[in-house]
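Now for the letters of each chain:
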Amino acid sequence: MRNAVRALIGVAVFLVLCEIVGRSGLAPQRYLPPPSIVLTELAELLGERDFLLDVVATVLAWLIALGICALVAVPAGLLLGSVPLLRTATTSLIEFLRPVPSVALIPLVVVVSAGSPSGKIFLACYAAVWPLLFNTIYSTGQLDEQLLESARAFRISRVQRILRIKLPHVVPFVFTGLRLAASTALIVLISVEMLNPGSGGIGSFIYVAGSGAGRMDQVLAGTLLAGVLGYLVNAGMSGAQRKWITWAPSGGTT
Amino acid sequence: MTGTRNEPTTDGSGGTVPSMLEVSDLEHTYTGQQEHTAIGGVTFDVRAGQLTCIVGPSGCGKSTLLRCLASLIRPSGGEVRMHGEPVRGVPEDLAVVFQDYGRSLFPWMSVRGNVEFPLRSGNVPKERRRERVRQTLEWVGLSGAERKYPWQLSGGMQQRVAIARALACRPALLLMDEPFASVDAQTRFELEDLLLRVRAEQDTTILLVTHDIDESVYLGDRVLVLSETPATVVADLPVDLGNERDQIGTRESETFVHLRGEIARMLRGGGGHERPGGTGTTARDTGSETESTSEDERADAEPESLQVEQGSPAREAAE
Ligand SMILES: Nc1ncnc2c1ncn2[C@@H]1O[C@H](COP(=O)(O)OP(=O)(O)OP(=O)(O)O)[C@@H](O)[C@H]1O
Ligand SMILES: [Mg+2]
C-alpha cells in the first residue's frame, strides 16, 4: 500500500515537471505538448470507435502471440530439458535463430502475410519465445533428482512424471518468462504496425498521426496508452503469480 | 494393493514363515569417471513382518543398498527377490523414506497433497484417501499442518511428512533411510514407538537404516552390521528383546546393553583395516552368542531419563 502511494507520487511529480517544461516554452508546444493536453486527447480518443478498434487489434494480437509462445515454449522446454539428446541436437539451431533480430524479418513477413495480422503475430512470437523457452529448459534441468526418484519410488510413469512433477516445478519460471515475453512482444507488435500501417493497431495510429498531420499530442497519447497496457499486464501477471503460486515464498517472483 | 500380503508372523516361529525379501550376492558399482564399488556381495533374507535394522559406517553403501532393493537403481550383480519373485521395477507394495527427506517432498504440494500423492496413483477412492491422510498425519503428530507447504515446516516436521507419506501407502515392505535423524529426542522416541505399533498392527516388513546403535537394537528384531565401503555383511545379530519394548525398561535390560556394546565394537573393528569375514560374508552363517555383560559397560549405557509419552496414534488405526 505504502509502495503504491510512493509510486503514484513519483508519477505525479514527473507529470508536473513535464507540464512545467511544456508550458514554459522551452520546447514548442506543437512538438512537445504538456501532459494536460496529451491526457485530454487520450480521453477523447478513447471515445472514438476507430481508435478503440486499433487498441483492440493490438491487444488481441498481443494475447494471441503470448498464448502461442506459451503453447510452443513450455512443452518444447520441458522436452528439451528432459531429454539431453534432443537438447544437444537442437542447441546450434537455437543459438543461430535466437540472435536474428525479428525486426529484420519485417519486410519478408509483410510481403508474405500481405497485411493480415498473422505476420505481426508471427514476429512477436519469434521475438518473445526465447526468454520463455530458455526459462523452461533451464528450470526443467534444475529439478532435483531426489524429487524424480521419489516419484519413481511411488511408481509414477515417465509421462506422468513430466505432467505431475516437472510441469508444476517449472510454473513459476514460466510466469517470469511470460512477463519478459510480454514486454518484448508489445515492442515488436508496435514496431511492425508502424512499419506496416495497413495492418492497423496502436502502432499504425501513432505512425499516421505523426507523419501526416504532425499531431504530436495524438502520438504521445498512443504511446502513453501502450506504456500503460504494458504496465498493467506485467502487474497483473505478478499479482497472479503471488496469488496462485502459494507454495513458494512470494510466488517465486524474485 | 496386491492380495499377496503374508500371514501374520509370530516371533521366533522360524521355518513356516515365508520370505518377504531374499537378497543374494548383491553387488553395486557406480560407473562414471569415479568408479566406486559401494556394495560388495551382500546376502540376507528378511522374513515377512520382521523389522531389520541396518547399521554401518558413514558412506559404506547403506543408501545404495536400499536403492537397489527398491529397484531405483539396477544393481550391477546379484539378485533381489520379493515374495519369491525376482524384482523388476519398483514393487507395488513397497514404500521408501529417503535420507534426504527435505529434498524428497514436493514443494508445490501441501502436506496433505504430499501424503496423498502415492495414493492417487494407487486408485484408492477419494473418501478413503482423505481419511487415511488424516489418520496417518495424526499418527506422526502433524494434524494441524495439513494445509502448510514444505517450506513452512521445520526439518523435523518435513521428516515426519516423509514418514507419513510412506505409511499412508500401508506398504507390505517399508524401506527407511535414517528416518528419525533430525527430530528431537522426545519426538524420536514417539516415532520409534509409533513404528513398532504400526508394524504390529499392519504386519509391515521394515528395513531401517540408522547410524544410532541404540536405536537399531531398540527397534530391531535383528541388526545387520555392514562393513566399510564396499559394504558387506559383517554380522547378523538377532535381538532377543521380545515384542514389547519400552523406551526406558528395554534400554536398561542386560541384553540391550550387551548388544549395543557388541555392535559398537564391531563397527569400530570393521571401520579399521581388517574387515571381518571379507567380501562375500553371508548373513546366514553369522550367529551371535551372547557373552556376559561386564559391570562398567552397563554403567555407561545408562539411558537418559526421558519421559516417554505413550501416545495413542496407531490404536484407532487398523483398517
Ligand atoms: N551416484 C554416485 N556415483 C558414484 N559414487 C556414489 C554415488 N552415490 C554414492 N556413491 C558412493 O558410494 C558410497 C556409498 O554411498 P551411500 O550413499 O550408499 O552411503 P551411506 O552408507 O548411505 O552413507 P551415509 O551413512 O553417510 O548416508 C560412498 O562412498 C559414495 O561416495
Ligand atoms: Mg545414506
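- If you check an unreviewed UniProt entry, chain A appears there as NitT/TauT family transport system permease protein from Actinopolyspora biskrensis.
- In its Subcellular location (unreviewed entry) section, the UniProt entry covering chain A states "Cell membrane".

## Considering the coordination of the magnesium ion (ligand 2)
Residues and elements named next belong to chain B.
Next, step 1: Ser63 (OG) and Gln99 (OE1) make up the full set of protein donors to the magnesium ion (ligand 2), lying at 1.9 to 2.2 Å. Taken together, the residues Ser63 in helix H1 (residues 62-69) and Gln99 in the loop between strand S6 (94-97) and helix H2 (101-104) connect sequence positions 36 residues apart.
Next, step 2: For Ser63, a relative accessible area of 18% translates into the label buried.
Next, step 3: The exposure class of Gln99 is partly exposed, given its relative accessible area of 38%.

## Observations concerning the pattern of salt bridges
Next, step 1: Inspection of the entire model under this criterion finds 21 salt bridges over all chains.
Next, step 2: Measuring nitrogen to oxygen at the nearest pair gives 3.3 Å for the salt bridge that ties Glu41 of chain A to Arg215 of chain A. Here Glu41 of chain A is found in helix H2 (residues 35-45), whereas its partner Arg215 of chain A is found in the loop between helix H9 (202-211) and helix H10 (216-244), with 174 residues between them in sequence.
Next, step 3: With a relative accessible area of 8%, Glu41 of chain A lands in the buried category.
Next, step 4: Here Asp144 of chain A and Arg103 of chain B are joined by a salt bridge, their closest N and O atoms 2.7 Å apart. Within this pair, whereas Asp144 of chain A is found in the loop between helix H6 (118-142) and helix H7 (145-153), its partner Arg103 of chain B is found in helix H2, the two belonging to separate chains.
Next, step 5: By relative accessible area, Arg103 of chain B is classed as partly exposed at 38%.

## A look at unusual backbone geometry
Residue and element names in this part refer to chain B.
Next, step 1: At the junction of Thr229 and Pro230, the peptide bond is cis and its omega measures out at -5 degrees in the coordinates.
Next, step 2: Among the secondary structure elements, Pro230 is positioned in the loop between strand S9 (222-226) and strand S10 (233-238).
Next, step 3: Its identity is not glycine, yet Asp25 carries a phi of approximately 50 degrees, on the positive side.
Next, step 4: A positive phi angle is found at Arg170, which is not glycine, with a value near 50 degrees.
Next, step 5: You can see Arg170 is positioned in the loop between helix H5 (155-168) and strand S7 (173-177).
Next, step 6: Accessibility expressed as a relative area gives 7% for Arg170, which makes it buried.

## Structural notes on the sheet that holds strand S3 (residues 51-55) of chain B
Residues and elements named next belong to chain B.
Next, step 1: Within the open sheet, the 6 strands sit side by side as S6-S7-S8-S3-S9-S10. Their pairing is mixed. Each edge of the sheet is formed by a strand with only one pairing partner; in this case those strands are S6 and S10. Between one strand axis and the next, the sheet turns by 15 degrees as a mean value, whatever way the strands run.
Next, step 2: Sheet analysis places S7 next to strand S8 (residues 205-209), joined by 5 bridges and oriented parallel. Paired with Leu173 across the strands is Thr205, a residue of S8.

## A look at H6 of chain A
Next, step 1: Between the first and last C-alpha of H6 of chain A there are 35 Å, a value that for 25 residues agrees with the 36 Å anticipated at 1.5 Å per step.
Next, step 2: In the structure, H6 of chain A departs most strongly from a straight axis at Val129 of chain A, where the bend amounts to approximately 40 degrees and where the proline Pro131 of chain A lies between one and four residues downstream.

## Observations regarding the domain arrangement of chain B
Residue and element names in this part refer to chain B.
Next, step 1: On domain assignment, one finds that chain B holds domain 1 (19-93 + 171-317) and domain 2 (94-170).
Next, step 2: Counting from both sides, the interface comprises 31 residues of domain 1 and, opposite them, 20 residues of domain 2.
Next, step 3: Note on domain 1 versus domain 2: buried area summed over both sides is about 2100 Å², and carbon and sulfur give 61% of it.
Next, step 4: Per-residue buried area on domain 1 facing domain 2 is highest for Pro171, Asp177 and Ser182; these three make up 22% of the total on that side.
Next, step 5: Applying the counting rule to domain 1 against domain 2 returns 10 residue pairs in polar contact (both at pLDDT 80 or more).
Next, step 6: Elements that contribute at least two residues to the side of domain 1 that touches domain 2 include exactly H1, S7 and helix H6 (185-202).
Next, step 7: Partitioning the side of domain 1 that touches domain 2 into residue classes produces 21 nonpolar, 4 polar and 6 charged.

## With respect to the site of ligand 1
Residues and elements named next belong to chain B.
Next, step 1: Close contacts around ligand 1 come from Tyr30, His36, Ala38, Ser58, Gly59, Cys60, Gly61, Lys62, Ser63, Thr64, Gln99 and Glu178, and that covers them all.
Next, step 2: Contacts to ligand 1 include Gly61, whose backbone N or O atom sits 2.9 Å from an oxygen atom.
Next, step 3: Within the contact set of ligand 1, an oxygen atom lies 2.5 Å away from a side-chain nitrogen or oxygen of Thr64.
Next, step 4: Isolated, ligand 1 exposes 640 Å² of accessible area, and the fraction of that covered by the protein chains is 63%.
Next, step 5: Breaking the shell around ligand 1 down by element, the ones donating at least two residues are strand S2 (36-47) and H1.
Next, step 6: If you tally residues by element for the shell around ligand 1, the top one is H1, at 3 residues.
Next, step 7: Looking at side-chain class alone, the shell around ligand 1 contains 3 nonpolar, 7 polar and 2 charged residues.

## What about the nonpolar core?
Residue and element names in this part refer to chain B.
Next, step 1: Grouped together as the largest cluster of nonpolar side chains are 69 residues, with contacts concentrated most on Leu174, Leu195 and Leu219.
Next, step 2: Here this core takes 7 residues from H5, the largest share from any one element.
Next, step 3: Here this core gathers at least three residues from each of two domains, domain 1 (19-93 + 171-317) and domain 2 (94-170).

## Structural notes on the environment of Phe51 of chain A
Residue and element names in this part refer to chain A.
Next, step 1: Along the chain, Phe51 turns up in helix H3 (residues 49-82).
Next, step 2: As a C-alpha pair, Phe51 and Ile202 span 151 residues in sequence and 7.8 Å in three-dimensional space.
Next, step 3: Residues contacting Phe51, with those up to four places away along its chain left out, are Leu45, Leu46, Phe205 and Leu225.

## What about the pairing of S6 of chain B?
Residue and element names in this part refer to chain B.
Next, step 1: Residues Leu94 and Val96 line one face of S6 and the alternating positions Ala95 and Val97 line the opposite face, and both faces are buried.
Next, step 2: Inspection of the sheet shows S6 paired to S7 by 4 bridges, in the parallel sense. Of the residues in S7, the one forming a bridge with Val96 is Leu175.

## Details of the confidence of the model for chain B
Residue and element names in this part refer to chain B.
Next, step 1: Averaged over all residues, the pLDDT of chain B is 81; the fraction at 70 or higher stands at 79%.
Next, step 2: Scored below 50 in pLDDT, residues 1-15 shows 25 contacts in the model against residues more than four places distant or in partner chains.
Next, step 3: Low confidence marks residues 271-319, where pLDDT is under 50. Its contacts with residues over four positions away, or in another chain, come to 89 contacts.
Next, step 4: Across the whole predicted complex the pTM is 0.78, and at the interface the ipTM reaches 0.76.

Quick notes on the rules
Throughout, a residue's number is its position along its own chain's written sequence, starting from 1. Chain A is the first chain written and ligand 1 is the first ligand written, with later ones labelled in order. pLDDT decides what is reported in this predicted model: residues at 70 or higher carry local features, side-chain atom pairs at 80 or more are listed and counted, and totals for whole chains, interfaces and linings draw on all residues regardless. In computing side-chain values, all of the structure's heavy atoms are included and hydrogens and water are not. UniProt positions are given in the numbering used here, feature names are shortened, and annotations may be inferred rather than shown by experiment. Coordination shells were defined by N, O and S atoms within 2.8 Å of each metal, extended to 3.2 Å for Na, K and Ca; water is absent from the atom set, which can make sites look incomplete. By the criteria applied, helices consist of DSSP H or I runs no shorter than four residues and strands consist of E runs no shorter than two, each listed in order from the N terminus. To sort residues, take the accessible area from a 1.4 Å probe on protein chains only and compare it with the maximum for the residue type: under 20% means buried, over 50% means exposed, and anything in between is partly exposed. In the sections that follow, a salt bridge refers to a side-chain nitrogen of Lys or Arg positioned within 4 Å of a carboxyl oxygen of Asp or Glu. Strand pairing requires that DSSP identify at least two bridges connecting the strands. Every axis corresponds to a line fitted to the C-alpha atoms, with the helix fit spanning only the stretch in contact, and the corresponding angles, defined between N-to-C directions, vary from 0 to 180 degrees. Residue count minus one, scaled by 1.5 Å, sets the expected span of a helix. Note that bend, as reported per residue, equals the angle between axes fitted to the 7 residues terminating at that residue and the 7 residues originating from it. Either an automatic procedure or a domain database provided the assignment from which the domain bounds are taken. Throughout, a residue-residue contact means that at least one pair of heavy atoms, one from each residue, lies within 4.5 Å. Put simply, buried area is the surface a 1.4 Å probe can reach on two separate parts but cannot reach once they are joined, added for both. Between N or O atoms, a polar contact is any pair within 3.5 Å; within protein, one atom must be a potential hydrogen donor and the other a potential acceptor, and residues adjacent in sequence are included only when both atoms are from side chains. Classification convention: Asp, Glu, Lys, Arg as charged; Ala, Val, Leu, Ile, Met, Phe, Trp, Tyr, Cys, Pro as nonpolar; all other residues, Gly among them, as polar. The near set for a molecule or strand comprises every residue that places at least one heavy atom within 4 Å of it. Where accessible areas are quoted, they stem from the Shrake-Rupley method and a 1.4 Å probe; at the residue level, only the protein chains shown are allowed to cover. We define the nonpolar core as a collection of buried residues of types Ala, Val, Leu, Ile, Met, Phe, Trp, Tyr and Cys that are connected through side-chain atoms lying within 4.5 Å of one another. For every residue, the predictor reports its confidence as pLDDT, a number between 0 and 100.

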